[in-house]
Amino acid sequence: MTSAREQGLCGCHTCGLLVRYQAGTLCPRCHSKLQVRIPRSLARSWGLLALATFMLLPANLLPITHFYTKGLLQSDTIFSGILSLYNSHMSGIATIVLLASIVVPVGKILGLGWICWQLQRAKPVRRRRQLIMYRIIDFIGRWSMLDLFVISLMMALVDRGVLLNVLAGPGATAFGCVVLLTMMSARMLDTRLLWDKEAR
């Protein structure tokens, strides 16, 4: 199969428009600079992914919320918060938080790491399978902040500053960093490298 690059075409990495490529050309739709391949895409994606993996530790070990009830401090990590929801017979919300807080971030990191590793191997890749995985990772990335949204909504509804005071903990900041870093890693990865890999 002939690739777009072999036909002198280039897809805009910002909006996806396919145009005839010339050096220094701008995309006619979004006016981004067209590049046949994003420079050092794989290395940058690996770096962001490694940082996101490192941030998983504080995101899961540090408190994500602090509750001040009648002057007493109670802190919850992601795991203890999920267990508290299950013990309070709110298994639906607990399952959503479990998926959004643990399963999705770890799955994104493993999936992106697998794609990057396949691109570095000498063997040919199965482009279709990896493109499907990348699109799934890219799609669920927009839902990764769901549990932080739930926490912020809970804080707005519950926090009255009298009997109960709810504050976000450092784990929430670390988790937000994990989400942003995985989203940036996915965006930085140039999937057109899969076509180059198969063509070798």
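Residues numbered from 1 in each chain as written. Predicted model: local features only at pLDDT ≥ 70, side-chain atom pairs only at ≥ 80, totals over all residues. Heavy atoms only, no water.

The protein goes by Paraquat-inducible protein A in an unreviewed UniProt entry, where it is assigned to Aeromonas eucrenophila. If you open the UniProt record of the protein and go to Subcellular location (unreviewed entry), you find "Cell inner membrane". (UniProt positions renumbered as here; feature names shortened; annotations may be inferred.)

Chemist: It is not clear to me how the overall build of the protein should be interpreted in this structure. Could you clarify?
Modeler: Within the protein one finds seven helices and five strands. Within the span of the protein, comprising 200 residues, buried residues form 37% of the whole. In the protein, once contacts between residues fewer than 6 apart in sequence are set aside, the share between residues at least 24 apart is 65%. Accessible surface, the protein as shown: approximately 11900 Å² in total, 66% of it carbon and sulfur. (Helix = DSSP H or I, 4+ residues; strand = E, 2+ residues; numbered from the N terminus. Buried < 20%, exposed > 50% of the residue type's maximum accessible area, 1.4 Å probe, protein only. Contact = heavy atoms within 4.5 Å. Areas by Shrake-Rupley, 256 points an atom, 1.4 Å probe, with all protein chains shown as cover.)

Chemist: Could you clarify how one ought to interpret the packing of helix α3 (residues 91–120) against helix α4 (residues 127–140) in this entry?
Modeler: Helix-helix packing is characterised by the crossing angle of the two axes and by the distance between the axes. Between α3 and α4, the least distance of the axes is 10 Å, while the angle of their chain directions is 145 degrees. Relative to α4, the crossing made by α3 is left-handed. Residue-level contacts link Val-104, Lys-108, Gly-111, Leu-112, Trp-114, Ile-115 and Gln-118 of α3 to Arg-129, Gln-130, Met-133, Tyr-134, Ile-137 and Ile-140 of α4. Across the contact of α3 with α4, the residue classes break down as eight nonpolar, three polar and two charged. (Axes fitted to C-alpha atoms, helices over the stretch in contact; angles between N-to-C directions. Left-handed = near helix turned anticlockwise from the far one by under 90°. Nonpolar A, V, L, I, M, F, W, Y, C, P; charged D, E, K, R; others polar.)

Chemist: Would you take a moment to explain the packing of helix α1 (residues 41–61) against helix α6 (residues 170–188) for this structure?
Modeler: At their nearest, the axes of α1 and α6 sit 8 Å apart, and the two run at 160 degrees to each other. As summarised for this structure, α1 and α6 are arranged roughly antiparallel, according to the angle between their axes. In the packing of α1 onto α6, the handedness of the crossing is left-handed. In this structure, α1 uses Ser-41, Arg-44, Ser-45, Leu-48, Leu-49, Leu-51, Ala-52, Met-55, Leu-56, Pro-58 and Ala-59 to contact α6, whose residues at the interface are Gly-171, Ala-174, Phe-175, Cys-177, Val-178, Leu-181, Thr-182, Met-184, Ser-185 and Met-188. For the contact of α1 with α6, the residue count by class is 15 nonpolar, five polar and one charged. (Parallel < 35°, antiparallel > 145°, perpendicular 65-115°, else oblique.)

Chemist: Just checking my understanding: could you explain the confidence of the model for the protein for this structure?
Modeler: Close inspection of predicted coordinates is inappropriate for parts of the model with low pLDDT. When pLDDT is averaged across the protein, the result is 78; 77% of the residues are at 70 or more. For the protein, helix α5 (residues 146–158) is the element with the lowest average pLDDT, namely 58, and α1 is the one with the highest, namely 92. Every residue in residues 159–163 is under pLDDT 50, and counting partners more than four places away or in other chains gives seven contacts. (pLDDT = per-residue confidence, 0-100.)

Chemist: I would appreciate a short explanation of the UniProt feature "transmembrane region" (unreviewed entry) in the protein in the present structure.
Modeler: When the UniProt feature table is mapped onto this chain numbering, "transmembrane region" (unreviewed entry) sits at residues 46–69, 89–115, 136–156 and 162–183. Each end of residues 89–115 is marked by a C-alpha atom, and these two atoms are 39 Å apart; helix forms 93% of the span and strand 0%.

Chemist: Could you clarify how one ought to interpret helix α2 (residues 78–87) in this entry?
Modeler: Since the α-helix packs 3.6 residues into each turn, any two residues three or four apart lie on the same face. Regarding α2, the residues found buried are Ile-78, Ile-82 and Leu-85. An end-on view of α2 places all buried positions within 60 degrees of arc, on one side of the element. Summarising the geometry of α2, the exposed residues directed more than 90 degrees from the buried face are Leu-83 and Asn-87. Positive phi appears at His-89, one or two residues downstream of α2, with a value of about 65 degrees. (Arc of directions from axis to C-beta.)

Chemist: I would appreciate a short explanation of the nonpolar core in the present structure.
Modeler: If you look at soluble globular proteins, the nonpolar side chains tend to sit buried side by side. If you look at the biggest cluster of nonpolar residues, it comprises 31 residues, and the most contacted ones within it are Ile-78, Ile-82, Leu-112, Leu-119, Tyr-134 and Leu-189. Among the secondary structure elements, those contributing two or more residues to this core are α1, α2, α3, α4 and α6. The element best represented in this core is α3, accounting for eight residues. Cys-10, Val-19, Cys-27 and Leu-34 belong to the second-largest nonpolar core, a separate cluster that totals five residues. (Core = buried A, V, L, I, M, F, W, Y, C linked by side-chain atoms within 4.5 Å.)

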